[in-house]
Amino acid sequence: MTPSPSLLLGKRILVTGGAGFLGIQVCRQLNEFAPAEVIVPRSAKHDLREPAVVRELLRSKQPQVIVHLAAVVGGIGANRENPGRYFYENAVMAIHLMEEARRAGVEKFVSVGTICSYPKHTPVPFQEDELWNGYPEETNAPYGLAKKMMLVQGQAYRQQYGFNAITLLPVNLYGPGDNFDPQTSHVIPALIKKAIEARDSGADYIDVWGSGSASREFLFVRDAARAIALATEHYNDPAPVNLGSGTEITIRTLVEMICDLCAFTGEIRWDATKPDGQPRRCLDTSRAKAAFGFEASTSFRDGLCETITWYEREQGGARVEGRGSRVESADSRGENRAARGEGHSDLNGNGNGHASAPHSIRSSPLATRNSPLPSHSPLATSHSPLARRALITGITGQDGSYLSELLLSKGYEVHGIVRRNSSITRNRLDQISGLTRDHLHYGDVTDAGSMMRLVLELEPDEIYNLAAQSHVRVSFDKPSYTVDVAAMGALNMLEAAKLLNKRHPVRFYQASTSEMFGGAPHTAPQSETTPFHPRSPYGCAKAFAHHQTVNYREAYDLFACCGLLFNHESPRRGESFVTRKITLAVGRIREGLQEKLYLGNLDAQRDWGFAGDFVEAMWRILQQEEPDDYVIATGETHSVREFLEVAFAHVDLDWQDYVELDERFYRPTEVDLLLGDASKAREQLGWQPQTSFDELARIMVDHDWHLAQQERRVREVQPLTR
């Protein structure tokens, strides 16, 4: 069945506060409905408190739908100091905007209110029908009542003018992009900022306003934006609708969770002389589910992890040294500034300040390196709670499958990241005993948030970042995708490891590549000190990832290492790689299933080894006392032509009878000669390859010849079964 077109298709939608925390996400969600335009008025030009300005805005933009998010809002201190301002400015913005929208013939008006409008002692969970059964909590009452007037105005205009106005009541919001200004932020960003500052400065404690007994419900900002977009499209009734997650948490539990996720191990001091705000906030969200199918999809812990990650990356560089930190409790500081917009959130609220307390700089117990369990230790079993835990990106690839086998044999608990595709390709993992399906996690290294959540949840002892679009020729055709995965994917994993390392020691392995060297003959043999000169998008992306790994090691004291692996092959190699392409063709030609093999440059020389040998080196790199980078190679170089000779000779064929050149398989820039100097790995890791070049080629041919024999037998049987 063809899906019905969106009711917002081709509409002009004006979003006030569209440049704010929630507004940006709402605009993104609305754009998925293919409107003609999403209009975001900026406060520098459009003061929504002035009727003439609002009138001209609607005349010039001619919106058909308005989503009103803009608001003036602050925390407890700001609400206490500015009750008149907050009431007046929020009320007049809504009154003028809705009146001018009615006059301009706007088809739909979406008012985004606040749960501060609910009575102070509303029975939990808050139901929309309880909205008028009492007075709001005193601190937030002027703001909450001003926002509640949007509901009154909308219902009155519907009754008298037939104006389609709806009212949504989101619970406390949080997420990436939130306001972390200690003067005006609400409880979650304030706690995150203070916990991280206290952790980084070595503070012994943080002070938190209130007793911790108050409870709140929180909704991740992207979930809230999705709810608003769904309601904008589908909901047309006068009754207000709660938007929430349906999960209640005490402030005490919230503070402890944030401190844990931020790796702050000091004391939490509760200042019960300060207000808790409204005792409880938790919504009945059944109306939203029934009316337009909304349910929150982001768990609270996942949302917190993503928010912390964003703050550490985007704003964490500005650290404030202090002897202690104080944050206000409960979201009565201000209901998330959910609807703030430029020019309407210039707050002058009370600051938190810093507590005065004895201060000592302590070395973190998590800063020490995690010594590995010996592989022969009776504790190092997959059934032991002390077994080391490894996370592998690219686990479905050649290297990932061999590395999984190796680590499982050493008693590791192995987890892997797999991409969710329409087709499932995990055949390399099917033969691995001990790798359970519940240890394979859907994810994509290009999605920073999901990687952070997974890493913080699993707390691996070792991370092996093998994920990449690693086909060099394909990287010329798909350079952007190659860079996204190989370069930015590595950066995302490093960020996750950096944050995890602050609370749990982790070791990080980055799969670098010989393609970074460029292969100019005069540079051979290439070692750890050979300058990089990559000659493909893949090589460039890997060089970026390599340098970032070194940078994170030096800047953040992360045990991060690079393995500069030269070409390594196996029967599990992807079928588009030249060695596997050759051995597959050898088997099919030998069985009469294929006539020719088309290749590119036969004179390219590579240092080829066996992937099963090379993953042993990966593991050894992370078992050293100090992090470092190592070239992993056989020290021999062979041409594609030589590989052809060995492979075809193994089945008694002459390659020259079957191979033809095809210009399509030549690279725009060729890497002529790769030859690795792995003396450092031999001396420091005790590693050396076990499989010779000829043996590698024969192993691969035997495997693929067997596949060809199976294919031939199937073809012979098929005519009899038709």
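Because the structure is predicted, anything quoted here is derived from the model rather than measured.

Peer 1: What exactly am I supposed to notice about the overall build of the protein chain here?
Peer 2: Counting its regular elements, the protein chain contains 21 helices and 25 strands. When the 722 residues of the protein chain are sorted by exposure, 58% land in the buried category. For the protein chain, the computed accessible surface area is about 29100 Å², with 48% contributed by carbon and sulfur atoms.

Peer 1: For this particular structure, what's the right way to read a nonpolar patch on the surface?
Peer 2: Residues Trp 132, Met 149 and Val 152 make up a contiguous nonpolar surface patch of roughly 270 Å² in combined accessible area. Here Trp 132 falls in the partly exposed class, since its relative accessible area comes to 48%.

Peer 1: Got a minute to help me understand the environment of His 234 in this structure?
Peer 2: Examined against the element boundaries, His 234 turns out to sit in helix 7 (residues 221–234). Judged by its relative accessible area of 40%, His 234 is partly exposed. Between the alpha carbons of His 234 and Ala 291 there is a distance of 7.9 Å; along the sequence they are 57 residues apart. With near-sequence residues (within four places) excluded, His 234 lies in contact with Lys 108 and Phe 292.

Peer 1: Explain the confidence of the model for the protein chain here, please?
Peer 2: Detailed reading of predicted coordinates is not advised where the pLDDT is low. Looking at the protein chain as a whole, its pLDDT mean stands at 83, while 84% of the residues score no less than 70. Between residues 316–386, whose pLDDT stays under 50, and residues either more than four places distant or in other chains, the model counts 218 contacts.

Peer 1: Just to check I follow, could you spell out the nonpolar core for this structure?
Peer 2: What tends to happen in soluble globular proteins is that the nonpolar side chains get buried as a cluster. By size, the foremost hydrophobic cluster in this structure holds 58 residues, and its most contacted members are Leu 403, Leu 407, Tyr 464, Tyr 509, Ile 582, Ile 632 and Leu 644. Not counting residues within four places of it along the chain, the set of residues in contact with Tyr 464 comprises Ala 390, Leu 391, Ile 392, Thr 393, Leu 403, Leu 407, Tyr 509, Met 618, Trp 619, Leu 622 and Gln 623. If you look at the next biggest cluster of nonpolar residues, it comprises 54 residues, including Ile 192, Tyr 311, Leu 454 and Leu 500.

Peer 1: Just to check I follow, could you spell out the sheet that holds strand 6 (residues 172–174) for this structure?
Peer 2: Working definition: the strands of a sheet are paired by backbone hydrogen bonds and lie parallel or antiparallel to each other. The mixed open sheet is built from 3 strands, whose spatial order is 6-8-10. In this open sheet, the two edge strands, each paired with only one partner strand, are strand 6 and strand 10 (248–250). Pairwise comparison of adjacent strand axes, ignoring direction, gives a mean angle of 50° for this sheet. Here helix 8 (residues 251–261) sits on the sheet and contacts strand 8 (215–220) and strand 10; the angle it forms with strand 10, its principal contact strand, is near 80°.

Peer 1: What is the right way to look at the pairing of strand 13 (residues 389–393) in this model?
Peer 2: The two faces of the sheet receive side chains in turn, since in a regular strand these alternate between them. Burial analysis of strand 13 places 4 of its 5 residues in the buried class, the great majority of the element. Across 5 bridges, strand 13 lies against strand 14 (residues 413–418) in parallel orientation. Across the sheet, the residue bridging to Thr 393 is Ile 417, located in strand 14. A crossover links strand 13 with its parallel partner strand 14, the connecting element being helix 11 (residues 398–409), and its sense is right-handed. Relative to strand 16 (residues 462–465), strand 13 runs parallel, the two being bridged by 4 bridges. Looking at the pairing, Leu 391 lines up with Ile 463 of strand 16.

Peer 1: Please explain the packing of aromatic side chains as it appears in this structure.
Peer 2: The relative placement of two aromatic rings is captured by the distance of their centres and the angle of their planes. Going through the model one piece at a time under the given rule, you end up with 21 aromatic pairs. Between Tyr 174 and Phe 218 the ring centres are 6.4 Å apart and the planes differ by 90°, which places this aromatic pair in the edge-to-face class. Highlighted residues: Tyr 174 in strand 6 and Phe 218 in strand 8, separated in sequence by 44 residues. In this structure, Tyr 174 and Phe 218 share a single accessibility class: buried.

Peer 1: What's the story with the sheet that holds strand 9 (residues 241–243) in this structure? I'm lost.
Peer 2: Taken in spatial order, the 6 strands make up an open sheet running 2-1-3-4-5-9, and their pairing is parallel. Edge positions in the sheet fall to strand 2 (37–39) and strand 9, since each has one partner strand and no second. In this sheet, adjacent strand axes meet at a mean angle of 20° when their direction is disregarded. Bridge count between strand 3 (residues 65–68) and strand 4 (residues 108–112): 4 bridges; the pairing is parallel. From the neighbouring strand, Ile 66 faces strand 4, where its bridge partner is Phe 109. Lying over the sheet, helix 4 (residues 83–103) contacts strand 1 (12–16), strand 3 and strand 4, oriented at roughly 175° with respect to strand 3.

Peer 1: What's the story with the pairing of strand 18 (residues 559–565) in this structure? I'm lost.
Peer 2: Across the 7 residues that make up strand 18, a large majority, 7, are buried. Burial along strand 18 is two-sided: the residues Phe 559, Cys 561, Gly 563 and Leu 565 and Ala 560, Cys 562 and Leu 564 are all buried. Crossover handedness for the path strand 17 (residues 507–513) to helix 16 (residues 537–556) to strand 18: right-handed.

Peer 1: Any chance you could explain the pattern of salt bridges here in plain terms?
Peer 2: Side chains carrying opposite charge are able to pair once their charged atoms draw close together. The full count for this structure, using the stated rule, is 36 salt bridges. Across the pair Lys 289 and Glu 295 runs a salt bridge, and its minimum N-O distance is 3.4 Å. Judged by its relative accessible area of 46%, Lys 289 falls in the partly exposed class. The exposure class of Glu 295 is partly exposed, given its relative accessible area of 47%. Within this structure, Asp 47, Arg 49, Arg 85 and Glu 89 form a network of salt bridges that share partners.

Peer 1: I tried to follow the packing of helix 17 (residues 578–590) against helix 19 (residues 640–649) on my own but got confused; where do I start?
Peer 2: To describe two helices that pack against each other, one gives the angle between their axes and the distance between the axes. Where helix 17 contacts helix 19, the axes come no closer than 10 Å and their chain directions differ by 30°. In terms of orientation, helix 17 lies roughly parallel with respect to helix 19. Two packed elements cross with a definite hand, and for helix 17 against helix 19 that hand is right-handed. Contact residues: Val 578, Thr 579, Ile 582, Thr 583, Val 586 and Ile 589 in helix 17; Val 640, Phe 643, Leu 644, Ala 647 and Phe 648 in helix 19. Along the lines of polarity and charge, the residues of the contact of helix 17 with helix 19 split into 9 nonpolar, 2 polar and no charged.

Peer 1: Honestly, helix 13 (residues 448–458) in this entry has me stumped. Any pointers?
Peer 2: Count 3.6 residues to each turn of an α-helix, and residues three or four apart come out pointing the same way. For helix 13, the tally of buried residues reaches 10 of 11 residues, placing the bulk of the element in the interior. Along helix 13, the residues classified as buried are Ala 448, Gly 449, Ser 450, Met 451, Met 452, Arg 453, Leu 454, Val 455, Leu 456 and Leu 458. Buried residues along helix 13 sit against helix 10 (300–314), strand 13, strand 14, strand 15 (440–442), strand 16 and helix 15 (479–501). A positive phi of about 50° marks Glu 459, the residue just after helix 13.

Peer 1: Whenever I open this one, unusual backbone geometry confuses me. Can you help?
Peer 2: As a rule of thumb, non-glycine residues mostly have phi less than zero, and peptide bonds are mostly trans rather than cis. A cis geometry characterises the amide bond from Val 124 onward to Pro 125, with omega recorded as 0°. Along the chain, Pro 125 turns up in the loop between strand 4 and helix 5 (141–161). In this structure, Pro 525 follows Ala 524 across a cis peptide bond, with omega equal to -5°. Phi is positive for Glu 459, which is not a glycine, with a value near 50°. As for its position among the elements, Glu 459 is in the loop between helix 13 and strand 16. Of note, Asp 557 is a non-glycine position whose phi angle comes to about 55°, a positive value. Mapped onto the elements of the fold, Asp 557 is located in the loop between helix 16 and strand 18.

Criteria and thresholds
Residues numbered from 1 in each chain as written. Predicted model: local features only at pLDDT ≥ 70, side-chain atom pairs only at ≥ 80, totals over all residues. Heavy atoms only, no water. Helix = DSSP H or I, 4+ residues; strand = E, 2+ residues; numbered from the N terminus. Buried < 20%, exposed > 50% of the residue type's maximum accessible area, 1.4 Å probe, protein only. Areas by Shrake-Rupley, 256 points an atom, 1.4 Å probe, with all protein chains shown as cover. Patch = residues over 30% accessible without salt bridge, like charges linked within 9 Å, V, L, I, M, F, W, Y side chains within 5 Å. Salt bridge = Lys/Arg side-chain N within 4 Å of Asp/Glu carboxyl O. Contact = heavy atoms within 4.5 Å. pLDDT = per-residue confidence, 0-100. Core = buried A, V, L, I, M, F, W, Y, C linked by side-chain atoms within 4.5 Å. Pairing = 2+ DSSP bridges. Axes fitted to C-alpha atoms, helices over the stretch in contact; angles between N-to-C directions. Right-handed = clockwise from strand over helix to strand, strands pointing away. Phe/Tyr/Trp six-rings, centres within 6.5 Å; stacked < 30°, edge-to-face > 60°. Parallel < 35°, antiparallel > 145°, perpendicular 65-115°, else oblique. Left-handed = near helix turned anticlockwise from the far one by under 90°. Nonpolar A, V, L, I, M, F, W, Y, C, P; charged D, E, K, R; others polar.

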